[in-house]
Protein chains: 2
Amino acid sequence: MTTATLTCNHCQFNTLCLPGHLGHNDVELFQRHLQRTPVFHKGDNLYKTGELFSGIYVVVSGTVKAFKLDASGQKQIIDFYHAGEVIGLDSISSDTYKTTAVALDTCVLCKLPFAHFDELSINIPEVARLLLNLMSSQLNNTSIVHLNLNQKTAQQKLAYFLIELDSRLKNRVTSANSFILAMTRTDIGNYLGLTIETVSRFINKLQKDNLIKITGKQVEIIDLNGLKQLVEQ
Amino acid sequence: MTTATLTCNHCQFNTLCLPGHLGHNDVELFQRHLQRTPVFHKGDNLYKTGELFSGIYVVVSGTVKAFKLDASGQKQIIDFYHAGEVIGLDSISSDTYKTTAVALDTCVLCKLPFAHFDELSINIPEVARLLLNLMSSQLNNTSIVHLNLNQKTAQQKLAYFLIELDSRLKNRVTSANSFILAMTRTDIGNYLGLTIETVSRFINKLQKDNLIKITGKQVEIIDLNGLKQLVEQ
DNA sequence: CGTAAAATTGATTGGGATCAATGCGTGTGG
DNA sequence: CCACACGCATTGATCCCAATCAATTTTACG
């Protein structure tokens, strides 16, 4: 894992990423602490559960999934991450990573090593506040996920998953209501607490009901409001 | 909501609470920003969703639940909070509270108003790092909850709920494997994504299987390892 | 191509929801 | 102090949604 010279001001994602909330001069300082990592390929681990915590990552392009294993070795996917999103915030308080993070396709990432954190937060007090806000909104997001999965039917869960994905990809990767699922049906099922067969059947049903159009991994949202209505029933 | 003079160093919860991680001198500074709130009674709101965000709370004694409402007005309980635990971290990044927080019994709380936050984090840089750690471990906890609820049976969910509650109450409220459920069966069901009937049936089953002893709201954990084994199947 | 993983589709089963009735406990007013 | 009421909890009977089991089909990739 080598370091590459990096200028946030020229990065296409600078408004989405951490520096997007900093002043121009602070960005200059900030980017000295950032490392552009080498490309991760499909299946590569960013880090594994229990590995020494060395910093957080920002997705520049590609998709990452993070999962935990329970005591009996069963996998539970915690989240999927896309361009502009920050990975590893749940491990800051520990000296080891709390999940395993895997690239689902070809991924470019920036890493903020946390050895520099104390120095950084003295130089740029706003960075601490920035991270605080970021983590706070991630906490709120996990509650929203809980709200939308815990007492819902399979169809509602799937509809919510697609809405959520669409909303997270918009203004980041694509602006159209059309995107590619980087994850398998098995991954979707695992995340939502459904079997692969149920995922398959209800994706199909959403298509029959003219809410989406799906061809393999290519999804097009036909009727976003229809999907939202489904979830809100 | 009036302020009361407060000395963290004399508080019985000072090792559990935020100041527990600060040096003695920092605590002196820190407690000037803290307010001991008046007592909240059963059913009282600490704050409501959408209300202006004014700060975070620490539970000194009692139990608080936080919930969200979905678009159709259905409630989803996000978490229960006990002595030493911090409430409202999911609202820091916003100017309004993201959940509604309600006292389940008589509650004493301390409030850290966030108007003072910037001043505070300049005087005590460790406070920012402390909050960062706190939020990070809360993020990790929500993942653990997801892991233990998403693909589990009703019995496993309930077993996990009791284990989790026991672990959070230990070294805080009580050291025995015995405690009182401040929440109703309806609340438990809502949190776990089960109906009240299912909660009732499986609490009963856990008792029949000699894993717990339950009389109304009084719970005694008889076989903690047995409960853990159930969850880990 | 050829093989394996991923996904679809159908038949059947089962766990927890729903419907329904009763029991318990606590607070209120006569 | 008791009677009543209302919310909360328990218990039983039935139903239904999604899991499971099983058999292909499709896709990805060396």
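Remember, it's a predicted structure, so these values are computed and weren't measured experimentally. (Residues numbered from 1 in each chain as written. Chains lettered and ligands numbered in written order. Predicted model: local features only at pLDDT ≥ 70, side-chain atom pairs only at ≥ 80, totals over all residues. Heavy atoms only, no water.)

Trainee: Even after reading the chapter, I still don't get the domain arrangement of chain A, so can you show me in this structure?
Mentor: Size of an interface, as often reported, equals the accessible area lost when the parts are brought together. Residue and element names in this part refer to chain A. By domain assignment, chain A separates into domain 1 (2–147) and domain 2 (152–232). Relative to domain 2, the C-alpha centre of domain 1 lies at a distance of 25 Å. Residue-level contacts link 20 residues of domain 1 with 14 residues of domain 2. Summed over both partners, the interface of domain 1 with domain 2 buries about 1,500 Å², with 54% contributed by carbon and sulfur atoms. Here domain 1 is connected to domain 2 by three salt bridges. Measuring nitrogen to oxygen at the nearest pair gives 2.9 Å for the salt bridge that ties Arg-168 to Glu-85. Counting across the interface, domain 1 meets domain 2 through seven residue pairs in polar contact (both at pLDDT 80 or more). Mapped onto the side of domain 1 that touches domain 2, the elements with two or more residues apiece are β5 (75–81) and α3 (125–149). Broken down by element, the side of domain 1 that touches domain 2 gets its largest block of residues, seven residues, from β5. Of the residues belonging to the side of domain 1 that touches domain 2, the class tally is 11 nonpolar, four polar and five charged. (Domains from an automatic or database assignment. Contact = heavy atoms within 4.5 Å. Buried area = accessible area lost by both parts, 1.4 Å probe. Salt bridge = Lys/Arg side-chain N within 4 Å of Asp/Glu carboxyl O. Polar contact = N/O pair within 3.5 Å; in protein donor to acceptor, adjacent residues only side chain to side chain. Helix = DSSP H or I, 4+ residues; strand = E, 2+ residues; numbered from the N terminus. Nonpolar A, V, L, I, M, F, W, Y, C, P; charged D, E, K, R; others polar.)

Trainee: Explanation requested: the interface of chain A and chain B in the structure shown.
Mentor: Taken together, the contacts link 45 residues of chain A with 45 residues of chain B. Here chain A meets chain B over a buried area of about 3,800 Å², counting both sides, of which 58% is carbon and sulfur. On inspection of chain A and its partner chain B, the count reaches two salt bridges. Between Lys-152 of chain A and Asp-70 of chain B there is a salt bridge, and its shortest N-O distance comes to 2.9 Å.

Trainee: What should I look at first to understand the protein's contact with DNA strand C in this one?
Mentor: Near DNA strand C lie 17 residues; those nearest to it are Arg-185, Ser-200 and Asn-204 of chain A together with Ala-154 and Thr-198 of chain B. Within 4 Å of the protein, atoms of DNA strand C come from sugar and phosphate in 65% of cases. Between a phosphate oxygen of DNA strand C and a main-chain N or O atom of Arg-185 of chain A, the distance comes to 2.9 Å. Here a base oxygen of DNA strand C and a side-chain polar atom of Arg-201 of chain B are 3.0 Å apart. Sorting the residues of the surface near DNA strand C by element identifies α5 (185–192) and α6 (196–208) of chain A together with α6 (196–208) of chain B as the ones contributing at least two each. Here the residues of the surface near DNA strand C are counted per class, giving three nonpolar, eight polar and six charged. (Near = heavy atom within 4 Å.)

Trainee: Please explain the state of the cysteines as it appears in this structure.
Mentor: By definition, a disulfide links the sulfur atoms of two cysteine residues through a covalent bond. Per the stated rule, a full pass over the model turns up zero disulfides over all chains. Cys-110 of chain B provides the cysteine sulfur closest to Cys-107 of chain B, a residue in no disulfide bond, and the two sulfurs are 12 Å apart. (Disulfide = S-S within 2.5 Å.)

Trainee: Would you mind showing me how to read the packing of α3 of chain A against helix α3 (residues 125–149) of chain B here?
Mentor: Packed helix pairs are characterised by how far apart their axes lie and by the angle those axes make with each other. Here α3 of chain A crosses α3 of chain B at 25°, and the two axes come no closer than 10 Å. As the angle between them shows, α3 of chain A and α3 of chain B are arranged roughly parallel. For the crossing formed where α3 of chain A meets α3 of chain B, the hand is left-handed. Of the residues in α3 of chain B, those in contact with Ala-128, Leu-131, Leu-132, Met-135, Ser-136, Gln-138, Leu-139 and Thr-142 of chain A of α3 of chain A are Ala-128, Leu-131, Leu-132, Met-135, Ser-136, Gln-138, Leu-139 and Thr-142 of chain B. Residue composition of the contact of α3 of chain A with α3 of chain B, grouped by class: 10 nonpolar, six polar and no charged. (Axes fitted to C-alpha atoms, helices over the stretch in contact; angles between N-to-C directions. Parallel < 35°, antiparallel > 145°, perpendicular 65-115°, else oblique. Left-handed = near helix turned anticlockwise from the far one by under 90°.)

Trainee: Please explain the sheet that holds strand β11 (residues 218–221) of chain A as it appears in this structure.
Mentor: One key point about sheets: their strands pair by backbone hydrogen bonds, in either a parallel or an antiparallel sense. Residues and elements named next belong to chain A. Strand order across the open sheet formed by three strands is β9-β11-β10, with antiparallel pairing between neighbours. In this open sheet, the two edge strands, each paired with only one partner strand, are β9 (178–180) and β10 (212–215). Taken over all neighbouring pairs, the strand axes of this sheet differ in orientation by 15° on average, direction set aside. Across three bridges, β9 lies against β11 in antiparallel orientation. Counterpart to Phe-179 in the pairing with β11 is Val-219. (Pairing = 2+ DSSP bridges.)

Trainee: I'm lost on the pairing of strand β8 (residues 108–113) of chain A in this one. Help?
Mentor: All names here are of chain A. Here β8 lies mainly inside the structure; six of its six residues are buried. Judged by which residues are buried, β8 turns out to be covered on both faces: Val-108, Cys-110 and Leu-112 on one side and Leu-109, Lys-111 and Pro-113 on the other are all buried. Pairing analysis gives two bridges linking strand β1 (residues 35–36) to β8, with the strands arranged antiparallel. The residue bridging Arg-36 from the neighbouring strand is Cys-110, located in β8. Bridge count between strand β3 (residues 55–61) and β8: six bridges; the pairing is antiparallel. Within β8, the position partnered with Ile-56 by the bridge is Leu-112. (Buried < 20%, exposed > 50% of the residue type's maximum accessible area, 1.4 Å probe, protein only.)

Trainee: Would you mind showing me how to read the pattern of salt bridges here?
Mentor: Side chains that differ in charge, positive against negative, can pair when their charged atoms come close. One pass over the full model with this rule turns up 14 salt bridges over all chains. One salt bridge connects Arg-168 of chain A with Glu-164 of chain A, and the closest N-O pair in it is separated by 3.5 Å. Of this pair, Arg-168 of chain A and Glu-164 of chain A both sit in helix α4 (residues 154–169), four residues apart, roughly one helical turn. With relative accessibility at 15%, the residue Arg-168 of chain A sits in the buried group. Two residues, Asp-209 of chain B and Lys-205 of chain B, come together in a salt bridge whose shortest N-O distance is 2.8 Å. Under the relative-accessibility criterion, Lys-205 of chain B is labelled partly exposed at 34%. Three or more residues joined by partner-sharing salt bridges are found here, namely Asp-79, Glu-85, Glu-164 and Arg-168 of chain A.

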